[in-house]
Amino acid sequence: MHTTQVEVAIIGAGTAGIGAYRAAREHTDSILVIEGGPYGTTCARFGCMPSKLLIAAADAAHSVRHADLFGVDAAAPIVVGEKVLERVRRERDRFVGVVKMALEELPNHHKIRGYARFMDDHRLMVDHRILIEAERIVIATGSRPTYPPFFTQAGDRLLVNDDVFELNTLPKSVVVFGPGAIGLELGQSLSRLGVEVRVLGVGGKIGPLKDPQIRSCAQQVFNREFYLDPKTRVESICRVDGGVQVTYFHRDAGKKKEVFEYLIAATGRRPNVDGLDLDNTSLTLDELGVPVFDPYTLRAGKSTIFIAGDACNDRTILHEAADEGRIAGHNAGLYPRIRSGLRRTPFNIVFSDPQITTVGLNIHQVRARCGDGYAVGYTGFENQGRSRVIGKNTGLLHVYGEQGTGLLLGAEMFGPAAEHLGHLISWAVQKRMTVSETLEMPFYHPVIEEGLRTALRDLSARLELGPAVAENCLDCGVGA
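Definitions and limits used
- Residues numbered from 1 in each chain as written.
- Predicted model: local features only at pLDDT ≥ 70, side-chain atom pairs only at ≥ 80, totals over all residues.
- Heavy atoms only, no water.
- Helix = DSSP H or I, 4+ residues; strand = E, 2+ residues; numbered from the N terminus.
- Rg over C-alpha atoms; globule rule 2.2 N^0.38 Å.
- Contact = heavy atoms within 4.5 Å.
- Areas by Shrake-Rupley, 256 points an atom, 1.4 Å probe, with all protein chains shown as cover.
- Lys, Arg positive; Asp, Glu negative; His and termini not counted.
- Charge placed at Lys NZ, Arg CZ, Asp CG, Glu CD.
- Phe/Tyr/Trp six-rings, centres within 6.5 Å; stacked < 30°, edge-to-face > 60°.
- Buried < 20%, exposed > 50% of the residue type's maximum accessible area, 1.4 Å probe, protein only.
- Lys NZ or Arg CZ within 6 Å of the ring centre and 35° of its normal.
- Pairing = 2+ DSSP bridges.
- Right-handed = clockwise from strand over helix to strand, strands pointing away.
- Expected span 1.5 Å × (residues − 1).
- Arc of directions from axis to C-beta.
- Patch = residues over 30% accessible without salt bridge, like charges linked within 9 Å, V, L, I, M, F, W, Y side chains within 5 Å.
- Salt bridge = Lys/Arg side-chain N within 4 Å of Asp/Glu carboxyl O.

## Details of the overall build of the protein chain
Helix and strand counts for the protein chain stand at 13 helices and 22 strands. Against the 2.2 N^0.38 benchmark of 23 Å for 480 residues, the protein chain shows a C-alpha radius of gyration of 24 Å, consistent with a compact globule. Overall, the protein chain is about 75 × 65 × 40 Å in size when its C-alpha atoms are taken along their principal axes. Put simply, of all contacts in the protein chain between residues at least 6 apart along the chain, 65% involve residues at least 24 apart. Of the roughly 22100 Å² of accessible surface on the protein chain, 51% is carried by carbon and sulfur atoms. The average position of the 54 basic charges and that of the 57 acidic charges among the side chains of the protein chain differ by 1 Å.

## A few points about the packing of aromatic side chains
Think of a pair of aromatic rings as described by two things: how far the centres are apart, and how the planes are tilted against each other in angle. Within this structure, the stated rule accounts for 6 aromatic pairs. For the ring pair Tyr227 and Tyr248, a centre distance of 6.3 Å and an interplane angle of 55 degrees mean the geometry is tilted. Of this pair, Tyr227 sits in strand β11 (residues 227-229) while Tyr248 sits in strand β13 (residues 243-250), and the two are 21 residues apart along the sequence. The exposure class assigned to Tyr227 is buried, which follows from its relative accessible area of 10%. Three or more aromatic residues link up through ring pairs in this structure, and these residues are Tyr147, Phe150, Phe151 and Phe177. The aromatic ring of Tyr262 is capped on one face by Arg157, whose charged end is 5.3 Å from the ring centroid. Over the ring of Phe249 we find Arg233; its NZ or CZ atom is 3.9 Å from the centre of that ring.

## Description of the pairing of strand β10 (residues 196-200)
The buried count for β10 comes to 4 of 5 residues, which makes it a mostly enclosed element. Where strand β9 (residues 173-177) meets β10, 5 bridges bridge the pair, whose relative direction is parallel. Following the sheet pairing, Val174 is matched in β10 by Val197. Following the chain from β9 across helix α6 (residues 181-192) to the adjacent parallel β10, one finds a crossover that is right-handed.

## What about helix α11 (residues 418-430)?
Here α11 is 13 residues long and its end C-alpha atoms lie 18 Å apart, about the 18 Å a rise of 1.5 Å per residue gives. Those residues of α11 that fall on the buried side of the exposure criterion are Ala418, Leu421, Gly422, Ile425, Ser426, Ala428 and Val429. Looking straight down α11, one finds that the buried residues subtend no more than 160 degrees of arc, so they occupy a single side. The secondary structure elements touched by the buried residues of α11 are β18 (347-350), β19 (355-360), β21 (396-402), β22 (408-415), α12 (435-439) and α13 (449-462). After α11 finishes, the residue Arg432 shows a positive phi value of roughly 55 degrees.

## Brief notes about a nonpolar patch on the surface
Side chains of Leu69, Phe70 and Val72 sit close together on the surface and give an oily, nonpolar patch of about 310 Å² of accessible area. Relative to the elements of secondary structure, Phe70 occurs in the loop between α3 (48-65) and α4 (81-104).

Structure representation (structure tokens):
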């Protein structure tokens, strides 16, 4: 058996792992990255990029289908499923190739292929053939799809989001379990591409939304395109000829049996820590077997083990994984000096149509922090000028502010250009700007961002910082 000694060992070569490698290498050249699976991050291979490619195709078909809104008489689009998925895979493979190229450029003595398991806090066994003795270790093993065991009754008609992009053509019908970000994006895009879709949930959640009024609006709007029930009672799932039969209680029709070509499980992801033999370490583990860690240093307890990315099961978003990798890598390289790293304002986007974004504190967190000392600013997009111009005038935006300080605390939105408005709000929240200071920023006309200004003006009035919003205000143009 071969034995290798290093200062820093990093388990996993995804976004967090490579971020940790680059940060740790600023402090030491005695470093080793261990990867057992295929090179290529979850985002590039299964997540962000292929799903957005599918959404782009769906939006193209949807735009043609609704061109008559603008007086454009267009023939109904013909969706060629094989071509849609071929482009998704071609572009996806390009993104994966860029990631693989970056990994292949790592010096050979800094990387090893294989699956690592802990023997103790400082020793890793890789595939029963290489013993690695490391002074510090970073866990960056990512996550994988998870679903309830009874979904296996769908047999070979059970898919996770990783599988959808490998289909040769689009299915005729699917039932999607889980109206989170993945389920909503896949469900709506498949529906717009001509697939019969049902999206079912059990807990009442819709994406990351916590504000009940916005969640109710989203449920109503999505149901104009496809059946969505976030709180469904499912009686049975079974494999039958031609697909999978699901017996559930329909919102309007009562108990119903339907056969779908596939069942797509979009019910969450599980951190890849269960195969690491963490019981052999001194770490304290939570109910999912994830090490308890400091979110600002990424250090697990008082050990020399750090954890980053989806393996944390905390903020499972690419930019957070990159940040966590850098923090963990720097601290592993600097040890015994440990420094807190910058954690950014919480920020989520669902690339549905309308889009969903949540920024900063949600409504429950605002209430827990402020008690009764807060206010909510409201605006809708039905009559917002630019939104009406482009035919995207649907949705709501709520912004939350603290009484006394006037601080902007967070926001939730279901509406047009939410990805862009969310960025503006996140920057303001992270800079600890007040509502008044945010309103001093420039807003061009006519843009959807004027809707944000309307919500901020409403919040300012409710915090008693400024005048009430004037009805049919013309100071910046009609329909602002």
